Amino acid sequence: MIRFIDVHKEYDNGTKALKGVNVRIDDGEFVFLVGPSGSGKSTLIKLITAEIAPTGGRVMVNGFNLNNITPRQVPQMRRTLGVIFQDFRLIEKKTVYENLSFAMRAIGASNRELRRRIPYVLQLVGLEQKGDRFPGQLSGGEQQRVAIARALVNNPNMIIADEPTGNLDPQRSLEIMMLLERINELGTTVLVVTHEKNLVNRFNKRVVTIENGRVISDETGGYYNVEKI
Amino acid sequence: MSRKFNAGYYVSEGFHSIFTHGFMSFAAVCMIVACLIIMGSFTLLAVNLDNTLGDLESENEMLVYIDDALTQDEARMLQPKLAQVDNVAQLTFVTKEQAMADYKAKHNDNIAVLKDLPDEALRDRYRVHVYDIERMAETQAALEQVPDVAWVRAAIEIADGFVMVRNIATAVALVLIGILLVISLFIIANTIKLATFYRREEIAIMKMCGATDGFIEWPFVVEGMLLGLTGALIAFFAQWGLYQMVAKFAVQGNGLSLVNMISYSSMATTILAIFCGVGVFIGVVGSLFAIRKFLQV
Ligand SMILES: Nc1ncnc2c1ncn2[C@@H]1O[C@H](COP(=O)(O)OP(=O)(O)O)[C@@H](O)[C@H]1O
Ligand SMILES: [Mg+2]
């Protein structure tokens, strides 16, 4: 569960990226966060992952109050999240399997857990045949599916994706979105940042629109309508 | 065309990465070796100097002259009383005849005047060795208080000279060791900082997955520790070789063997333990410095 209550974020250089954001995302939801470039979408994501701290308001993530979270609690909070980026962020010199085991070892998983979990996740994203490939030997869509597998491998409550299809052609983008929808149907909360209008409109989901640091619309079954503004 | 370019790019990138990593580790080990050897050489020099000074000090004796009025037997009876004086390590009674014989022997009977001197010209005396030459003046005064002691001769200035040389040598060695320690720490910290820089993407992924700071730090601490240990082992053997060379040179160089060098093998275990201890200390503390700064983002 995510709650933003009147959240403000002003960067050190004075840029006001968020100006009083109120959002609530419940467990099991699938939410698109849309808005033009520079509107504050990535800032909102970084607040959720505790990469940055709010300069005003309250942020709650999966039971952690990020306003007074201790440094020791931050890793625990992050284990409830799986994060996906536009640029995949895979380790080039590790195989697909090793990329996943690296993420599991990072939180102290045992070899037994690795052997049980990784094949399951690879199968979920349709890469069961490619565990020993290196990222450089995969297409962009496949690399992003590896990143999704890595986000899922530690069994988080929630998947957060910041422009996951920004580097992919429309067909691969659609496949990625369908995969995220499938993951949501299996019980994981999903928050997807995007500015691809056509893609959003193909799914009948909740759409939160942010513009200039403010939420300007929040409609279930809505669509991304830039012309409206 | 583009394929050819890519192949070349990958190959050069691969080599570059290996070289950069390998080179930094190599440089760090070299610095640790150099620092340990310089540190070790100064310490060994100080130890040997101390040992040599110790030899010289033990030859630095006081002479306690006994009152002429006493017979030789009475003079011998003084021994227990003198032995009770604080700081007296060793007492040797020398009769006036023996003293004269020594004196003549030393001067090869060359001096005509001596021939005519009666054996009784000199006093009976005790040769006195002390434990601590820094307290020589005090001991001299105490000996003079003993009844029937005529006077005591002590080379206080020479004793003070020895003490000063030793103290200066120790101080210089300590200061140098301190400076080198700081330099080594600085270099290992920079090496580890570079290592964390090369792995910044992996670190970012680990943090994103919820790895604790300790989990991320450990590999770098181990890396620093291994670099320190490797440096310590290399330095130990290099120091051995160097020491043997200097020892050989010192023995050949002066037949008098004024410098009596302690054998390396008799100190080997201690040196190895100290080198490993200092190496691991530099490695661990240096890497902790580097990581703490890096993780504070
Ligand atoms: N680290 C930063 N320091 C200063 N300003 C920033 C920083 N990151 C983002 N911004 C600014 O904050 C605003 C929102 O940025 P961002 O959240 O990245 O938007 P979006 O992801 O919607 O494109 C922009 O004006 C951007 O320039
Ligand atoms: Mg963005």
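Below is a short write-up of the structure. The structure presented is a predicted model; accordingly, all values stated were derived computationally and were not measured.

### Topic: the overall build of chain A
- Across its full length, chain A holds 7 helices and 10 strands.
- Each principal axis of the C-alpha atoms in chain A carries an extent, and together these give about 45 × 40 × 35 Å.
- Within chain A, the proportion of its 229 residues that are buried is 52%.
- When the accessible surface of chain A is summed, it comes to about 10,700 Å², and 44% of that surface belongs to carbon and sulfur atoms.
- Of the side-chain charges in chain A, 31 are positive and 25 negative, and the distance between the mean point of each set is 5 Å.

### Comments concerning the interface of chain A and chain B
- The partner chain B presents 10 residues to the 15 residues of chain A that form the contact.
- Carbon and sulfur atoms make up 66% of the area that chain A and chain B hide from each other, which totals about 1,200 Å².
- Interface area lost by chain A to chain B is led by A:Arg78, A:Phe102 and A:Ala106, which between them contribute 40%.
- One salt bridge in this structure joins B:Glu202 and A:Lys93, with 2.8 Å as the shortest N-O distance.

### Quick notes on unusual backbone geometry
Residues and elements named next belong to chain B.
- Residues other than glycine seldom take positive phi values, yet Asn87 does so here, at roughly 75 degrees.
- Phi is positive for Asp148, close to 75 degrees, though the residue is something other than glycine.
- Locating Asp148 in the fold gives a position in the loop between helix H6 (136-145) and strand E4 (149-153).
- Judged by relative accessible area, which is 37%, Asp148 ranks as partly exposed.

### A short note on the environment of B:Gly241
Residues and elements named next belong to chain B.
- Looking at the secondary structure, you find Gly241 in helix H9 (residues 213-253).
- A relative accessible area of 36% places Gly241 in the partly exposed class.
- Spatially, the C-alpha atoms of Gly241 and Tyr264 are 9.5 Å apart, while their sequence positions differ by 23 residues.

### Overview of the site of ligand 1
Residues and elements named next belong to chain A.
- Around ligand 1, the neighbouring residues are Tyr11, Asn13, Thr15, Ala17, Pro36, Ser37, Gly38, Ser39, Gly40, Lys41, Ser42 and Thr43.
- Within the contact set of ligand 1, an oxygen atom lies 3.3 Å away from a backbone nitrogen or oxygen of Ser39.
- Ser42 is positioned such that a nitrogen or oxygen atom in its side chain is 2.8 Å from an oxygen atom of ligand 1.
- Coverage of ligand 1 by the protein chains reaches 63% of its 560 Å² of free accessible surface.
- Here the element with the most residues in the shell around ligand 1 is helix H1 (residues 41-48); it accounts for 3 residues.
- Looking at side-chain class alone, the shell around ligand 1 contains 3 nonpolar, 8 polar and 1 charged residues.

### Side note on the pattern of salt bridges
Residue and element names in this part refer to chain A.
- Taken as a whole and assessed by the stated rule, the structure comprises 14 salt bridges over all chains.
- A salt bridge links Arg206 to Glu29, with the nearest nitrogen and oxygen atoms 3.0 Å apart. Note that Arg206 is positioned in strand E9 (residues 206-211) and Glu29 in the loop between strand E2 (16-25) and strand E3 (30-34), a separation of 177 residues in sequence.
- The buried category is assigned to Arg206, whose relative accessible area is 9%.
- The exposure class assigned to Glu29 is partly exposed, which follows from its relative accessible area of 21%.
- Note that Arg89 is salt-bridged to Asp87, the shortest N-O span being 3.1 Å.
- For Arg89, a relative accessible area of 40% gives the class partly exposed.
- It is possible to trace a salt-bridge network through shared partners that takes in Glu29, Arg206 and Asp218.

### Let's talk about H1(A)
Residue and element names in this part refer to chain A.
- For H1, the tally of buried residues reaches 6 of 8 residues, placing the bulk of the element in the interior.
- What H1 keeps buried is the set Lys41, Thr43, Leu44, Ile45, Leu47 and Ile48.
- A positive backbone phi angle near 65 degrees is found at Ala50, which sits one or two residues after H1.

### Considering the packing of helix H4 (residues 111-124) of chain A against helix H5 (residues 140-153) of chain A
Residue and element names in this part refer to chain A.
- Direction vectors running N to C along H4 and H5 enclose 135 degrees, while the axes themselves pass 9 Å from each other. Our classification of the angle between H4 and H5 gives oblique. Two packed elements cross with a definite hand, and for H4 against H5 that hand is right-handed. Contacts from Arg117, Ile118, Val121 and Leu124 of H4 reach H5 at Ala149, Leu152 and Val153.
- Taken together, the residues of the contact of H4 with H5 sort by class into 6 nonpolar, no polar and 1 charged.

### Considering a negative patch on the surface
- On the surface, a cluster of negative charge is contributed by B:Asp67, B:Asp68, B:Asp73, B:Glu74 and B:Asp148.
- As for its placement among the helices and strands, B:Asp73 is situated in helix H2 (residues 72-77).

### Thoughts on the nonpolar core
- Within the largest apolar cluster, 82 residues are counted, with the highest numbers of intra-cluster contacts made by A:Phe32, A:Ile148 and A:Leu180.
- If you look at the next biggest cluster of nonpolar residues, it comprises 27 residues, including A:Val7, A:Ile45, A:Ile69 and A:Met158.

Cut-off values and rules
Residues numbered from 1 in each chain as written. Chains lettered and ligands numbered in written order. Predicted model: local features only at pLDDT ≥ 70, side-chain atom pairs only at ≥ 80, totals over all residues. Heavy atoms only, no water. Helix = DSSP H or I, 4+ residues; strand = E, 2+ residues; numbered from the N terminus. Buried < 20%, exposed > 50% of the residue type's maximum accessible area, 1.4 Å probe, protein only. Areas by Shrake-Rupley, 256 points an atom, 1.4 Å probe, with all protein chains shown as cover. Lys, Arg positive; Asp, Glu negative; His and termini not counted. Charge placed at Lys NZ, Arg CZ, Asp CG, Glu CD. Contact = heavy atoms within 4.5 Å. Buried area = accessible area lost by both parts, 1.4 Å probe. Salt bridge = Lys/Arg side-chain N within 4 Å of Asp/Glu carboxyl O. Near = heavy atom within 4 Å. Polar contact = N/O pair within 3.5 Å; in protein donor to acceptor, adjacent residues only side chain to side chain. Nonpolar A, V, L, I, M, F, W, Y, C, P; charged D, E, K, R; others polar. Axes fitted to C-alpha atoms, helices over the stretch in contact; angles between N-to-C directions. Parallel < 35°, antiparallel > 145°, perpendicular 65-115°, else oblique. Left-handed = near helix turned anticlockwise from the far one by under 90°. Patch = residues over 30% accessible without salt bridge, like charges linked within 9 Å, V, L, I, M, F, W, Y side chains within 5 Å. Core = buried A, V, L, I, M, F, W, Y, C linked by side-chain atoms within 4.5 Å.

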